[in-house]
Amino acid sequence: MIHETVKIGKNVVLGEHAVIEENVVIGDNVTIGHHAIIKKDTQIGSGVKIGDLAVLGKAASSNKKMARQPKRTGAPLRIEDGAVVGASAVIYRDVLLEQGVFVGDMASIRENVAIGRESIIGRNAMVENNTRIGKRVTIQTGCYITADMTIEDEVFIGPCCSTSNDKYMGMGNYPYQGPIIKKGAKIGNNATLLPAVVIGEHAVIGAGAVVTKDVPAGKTAVGNPGRLLK
Amino acid sequence: MIHETVKIGKNVVLGEHAVIEENVVIGDNVTIGHHAIIKKDTQIGSGVKIGDLAVLGKAASSNKKMARQPKRTGAPLRIEDGAVVGASAVIYRDVLLEQGVFVGDMASIRENVAIGRESIIGRNAMVENNTRIGKRVTIQTGCYITADMTIEDEVFIGPCCSTSNDKYMGMGNYPYQGPIIKKGAKIGNNATLLPAVVIGEHAVIGAGAVVTKDVPAGKTAVGNPGRLLK
Amino acid sequence: MIHETVKIGKNVVLGEHAVIEENVVIGDNVTIGHHAIIKKDTQIGSGVKIGDLAVLGKAASSNKKMARQPKRTGAPLRIEDGAVVGASAVIYRDVLLEQGVFVGDMASIRENVAIGRESIIGRNAMVENNTRIGKRVTIQTGCYITADMTIEDEVFIGPCCSTSNDKYMGMGNYPYQGPIIKKGAKIGNNATLLPAVVIGEHAVIGAGAVVTKDVPAGKTAVGNPGRLLK
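The structure presented is a predicted model; accordingly, all values stated were derived computationally and were not measured.

Along its length, chain A carries zero helices and 32 strands. Relative to its length of 230 residues, chain A is compact, with a C-alpha radius of gyration of 18 Å against a globular reference of 17 Å. Its C-alpha atoms give chain A principal-axis dimensions of about 60 × 35 × 20 Å. When the 230 residues of chain A are sorted by exposure, 61% land in the buried category. Long-range pairs, those at least 24 residues apart, make up 21% of the contacts in chain A between residues at least 6 apart in sequence. Summing over all exposed atoms, chain A offers an accessible surface of approximately 8,600 Å²; the carbon and sulfur share of this is 49%.

The partner chain A presents 45 residues to the 38 residues of chain B that form the contact. Between chain B and chain A the total buried area reaches about 3,000 Å² when both faces are included, carbon and sulfur atoms providing 58% of it. Seen at the junction of chain B and chain A, the total is 20 residue pairs in polar contact (both at pLDDT 80 or more). At the level of elements, β26 (186–187) and β29 (204–205) of chain B are the ones that each hand at least two residues to the side of chain B that touches chain A. Residue composition of the side of chain B that touches chain A, grouped by class: 16 nonpolar, 15 polar and seven charged.

What follows deals with the domain arrangement of chain A. Assigned domains of chain A: these are domain 1 (1–59 + 72–124) and domain 2 (142–166 + 174–230). The centre of domain 1 of chain A, based on its C-alpha atoms, is set 29 Å off from the matching centre of domain 2 of chain A.

Relative to strand β9 (residues 55–58) of chain B, strand β6 (residues 37–38) of chain B runs parallel, the two being bridged by two bridges. Residue pairing in the sheet places I37 of chain B in a bridge with V55 of chain B of β9 of chain B.

How big an interface is tends to be stated in terms of accessible area lost as the parts join. The interface of chain B with chain C comprises 45 residues on the first partner and 37 residues on the second. Surface buried jointly by chain B and chain C totals about 3,000 Å² across both partners, of which 58% is contributed by carbon and sulfur atoms. Our count for the chain B to chain C interface comes out at four salt bridges. The closest approach of N and O atoms between E118 of chain C and K64 of chain B, which form a salt bridge, is 3.8 Å. On the surface where chain B and chain C come into contact, there are 20 residue pairs in polar contact (both at pLDDT 80 or more).

What follows covers the sheet that holds strand β25 (residues 180–181) of chain A. If you walk across this open sheet you meet the 10 strands as β1-β4-β7-β10-β13-β16-β19-β22-β25-β28 (chain A), and the pairing is parallel. On the outer flanks of this sheet lie β1 (7–8) and β28 (198–199) of chain A, each paired with one strand and no other.

It is worth spelling out the relation of the copies chain B and chain C at this point. Turning chain B through 120° and shifting it by 0.0 Å along the axis lays it on chain C, with an RMSD of 0.0 Å. Read as a symmetry element, the transformation amounts to a three-fold axis. Across chain B, the smallest distance between a C-alpha and the rotation axis is recorded for N224 of chain B, namely 3.8 Å. Different-surface contact between copies: only 16% of interface residues of chain B are shared with the interface of chain C.

This model, assessed by the stated rule, comprises zero disulfides over all chains. C143 of chain A supplies the cysteine sulfur nearest to C160 of chain A, a cysteine that is in no disulfide, at a spacing of 6.9 Å. For C160 of chain A, a relative accessible area of 12% puts it in the buried group. C161 of chain B takes part in no disulfide bond, and the closest cysteine sulfur, belonging to C143 of chain B, lies 4.7 Å away. With relative accessibility at 3%, the residue C161 of chain B sits in the buried group.

Before going further, it helps to examine unusual backbone geometry. The residue after N224 of chain A, namely P225 of chain A, is reached through a cis peptide bond having omega 0°. Relative to the assigned elements, P225 of chain A resides in the loop between β31 (220–222) and β32 (227–228). Although it is not a glycine, A196 of chain A adopts a positive phi angle of roughly 70°. Tracing the backbone through its elements, the reader meets A196 of chain A in the loop between β27 (192–193) and β28. Positive phi values are uncommon outside glycine, yet M106 of chain C reaches one of about 65°. Structurally, the position occupied by M106 of chain C is in the loop between β14 (102–103) and β15 (108–109).

Attention now moves to the side chain of E111 of chain C. Residue and element names in this part refer to chain C. For E111, the location among the structural elements is in the loop between β15 and β16 (113–115). On the basis of relative accessibility, which here comes to 5%, the residue E111 falls in the buried class. Looking at E111, its side chain comes within polar contact range of the side chain of R110, at 2.8 Å. Contacts of E111, omitting those with residues within four sequence positions, involve A60, P70, K71, Y92, R93, D94, V95, N129 and N130.

What follows covers the sheet that holds strand β31 (residues 220–222) of chain B. Residue and element names in this part refer to chain B. A sheet is described by the order of its strands in space; here 12 strands give the open sequence β2-β5-β8-β11-β14-β17-β20-β23-β26-β29-β31-β32, paired in mixed fashion. Pairing within the sheet leaves two strands with one partner each, and these edge strands are β2 (13–14) and β32 (227–228). Two elements, β26 and β29, share two bridges in a ladder whose sense is parallel. Opposite I187, over in β29, you have I205 as the bridge partner.

Bringing the pairing of strand β9 (residues 55–58) of chain A into the picture now. In this structure, β9 of chain A lies alongside strand β12 (residues 90–92) of chain A, joined through three bridges in parallel fashion. Note that in β12 of chain A the partner of K58 of chain A across the bridge is Y92 of chain A.

For the structure on display, the rule yields three aromatic pairs over all chains. Plain terms: the ring middles of Y168 of chain A and Y174 of chain A are 4.9 Å apart, the flat faces sit at 75° to each other, and that makes the pair edge-to-face.

The positions UniProt marks with the feature "domain: Mannose-1-phosphate guanyltransferase C-terminal" (unreviewed entry) are residues 78–160 of chain A. Span residues 78–160 of chain A is 0% helix and 39% strand, its end C-alpha atoms 27 Å apart.

Right, let's talk about the environment of N23 of chain B for a bit. All names here are of chain B. Mapped onto the secondary structure, N23 falls in the loop between β3 (19–20) and β4 (25–26). Separated by 20 residues in the primary sequence, N23 and H3 place their C-alpha atoms 7.8 Å from one another. Once you skip the residues sitting within four places of it in the chain, N23 turns out to touch T5, V6, D41 and T42. Reaching out from N23, the side chain makes a polar contact with the side chain of D41 at a distance of 2.9 Å.

Per the counting criterion, the structure on display carries 33 salt bridges over all chains. Put simply, K58 of chain B and D105 of chain C hold a salt bridge, and the shortest N to O gap is 2.6 Å. Highlighted residues: K58 of chain B in strand β9 and D105 of chain C in the loop between β14 and β15, drawn from two different chains. With a relative accessible area of 10%, K58 of chain B lands in the buried category. Between K39 of chain C and E21 of chain C there is a salt bridge whose closest N-O contact spans 3.9 Å. With K39 of chain C in the loop between β6 (37–38) and β7 (43–44) and E21 of chain C in the loop between β3 (19–20) and β4 (25–26), the pair connects residues that are 18 residues apart, well separated along the chain. On the accessibility criterion, K39 of chain C (16% relative accessible area) is buried. When salt bridges that share partners are traced, they join R110, E111 and E128 of chain A together with R123 of chain B into one network.

The next thing to look at is the nonpolar core. In globular proteins that are soluble, nonpolar side chains generally tend to be buried together. Judged by nonpolar contacts, the single largest core of 87 residues is most densely connected at I50 and I199 of chain B. No other element matches the three residues that strand β12 (residues 90–92) of chain B contributes to this core. Not counting residues up to four positions away in its chain, the partners in contact with I50 of chain B are T31, I32, G33, A36, I38, I44, L56, I79 and V85 of chain B. Counting 57 residues, the second-largest nonpolar core is a separate cluster that includes V6, A89, I139 and I199 of chain A.

Definitions and cut-offs
Residues numbered from 1 in each chain as written. Chains lettered and ligands numbered in written order. Predicted model: local features only at pLDDT ≥ 70, side-chain atom pairs only at ≥ 80, totals over all residues. Heavy atoms only, no water. Helix = DSSP H or I, 4+ residues; strand = E, 2+ residues; numbered from the N terminus. Rg over C-alpha atoms; globule rule 2.2 N^0.38 Å. Buried < 20%, exposed > 50% of the residue type's maximum accessible area, 1.4 Å probe, protein only. Contact = heavy atoms within 4.5 Å. Areas by Shrake-Rupley, 256 points an atom, 1.4 Å probe, with all protein chains shown as cover. Buried area = accessible area lost by both parts, 1.4 Å probe. Polar contact = N/O pair within 3.5 Å; in protein donor to acceptor, adjacent residues only side chain to side chain. Nonpolar A, V, L, I, M, F, W, Y, C, P; charged D, E, K, R; others polar. Domains from an automatic or database assignment. Pairing = 2+ DSSP bridges. Salt bridge = Lys/Arg side-chain N within 4 Å of Asp/Glu carboxyl O. Least-squares fit on C-alpha atoms with pLDDT ≥ 70 in both. Disulfide = S-S within 2.5 Å. Phe/Tyr/Trp six-rings, centres within 6.5 Å; stacked < 30°, edge-to-face > 60°. UniProt positions renumbered as here; feature names shortened; annotations may be inferred. Core = buried A, V, L, I, M, F, W, Y, C linked by side-chain atoms within 4.5 Å.

The following block contains the structure:
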């Protein structure tokens, strides 16, 4: 059943009805869940755990209404050693998960995204394309991480935070830019970040805040619209 | 394995372990993902792409606590030519997806819903029952579209917006009415719309706004509670 | 194909490619969807309906970055008579669903959680670990119920509400405490509750409110930050 181009290491546990497409490489001591789908070209390091019903290496898709058609680079999904992917997660081609990254159940990560060592992508979190996420970052359950966004090392983002990258909402006449969250900043649950805002190093955003302007390093912003605490 | 009542067109690609129940009709040039589940009576047009692990044509379900039991009309799910359905999406019976509609991964659409041509339902967006969505509408990732709601043509709804239809929260003693969003209106990310508010044509709602009253055509509302900008 | 340690009652309908692991007990008149995964030790009562692609009895998982490693007690998932679990839901070990509970499609419930009779966990709602939910509670679509939270009987939580339990956002130097929602309270859609706030009996929280302080019984709070209505 497994295609002849697939390479599978030692001590690999394959769940029932798992589907492994052509040209997949799987390292040693990997566990793959039941009904998991590993699409073509995906590269999985050693000691990785893939949950039941996960989809790895999905190609980008679109319809003709989309202002911005996805880029297809041909790069595969690469998952480094010791990473963990939850049940029913969907991860696209052209994604890099560095060593020890944790992706929760039902999370999804689109193409052209890199996630640094040991970072956590919570359950049901959605990460859009063209985004860079540093090392030891925590993105909690249900967050929405927009496209064209930068999240530096050791940032903490509480549950259900929402971000955007499109100042003119679908006009397609302006460069897209998501928020830039600098090292060690903390974002409270259900906060809203507008396009292109810069959250400075170690800044803190209160739960439910709506951040419309940049927040300087070390400062705290709360409210709607967000204002700095003295 | 395929039931004798199933009709499958030319050049159809069926994923591994896909389940096709009785009385399903599938047009030409359709692609169906691995482990996808096409439940009985579902009608799929030509050139449609169905993602891995998608569930099409689910019947409504309930428990006895629910104030409002779902209606079961017997109407099937119909997907018109050229539509695209993402991985792990769940779409109910008695839904119409017109030509070229795009439904993202992990999105869900309940019964008695119609979605117009080329509209986009983002990843992980949830659409409740008895709702009408026009043509060329964009509903971005993670939106919650409540029941008994109307969304006219060319509306844009940013990520994570939330709507409601139940003024008395579970009392069950009042007619349900979701928001009414008129043609071309734009809603910013993580905005909150209360039951029955009317968002006028080409009105704009700021990110994170909480809209408690109607917003006239062409006006902009921001803040909590939402107020009109001059 | 079914392991010899599995016990299955009368009139059980098993979907195609359903996976039943060792030591599972299934009562009479149970329906299990296609591609559903019932992991080891799970106990399912009579008349239960399990949706397509649901995962029942998942073990907790983690990576080394997590401040708080999950506890693994060995207790199984127990689902009492007449409960309904939606498509693509993921429910962990050490969970109790009492009689008649409804869990929507794509919802997820982590370990060490008990949910009382006839309560409703909406589609795509996420329930974290160590949380207690009473009887006849309604938690609507897309809610985020944090860890270490208490929800008493007959509470109503509107769509997309967000809660948190971690005052210092990832520092790991403080006891975690989620909100405490007392009997019969109602929470509007997309409201944000901060750690450890107490929502009194029959209190009402407006849609989009950000609740930073306790709300007394019978009072209504709205706005950001939330303030009491007179």
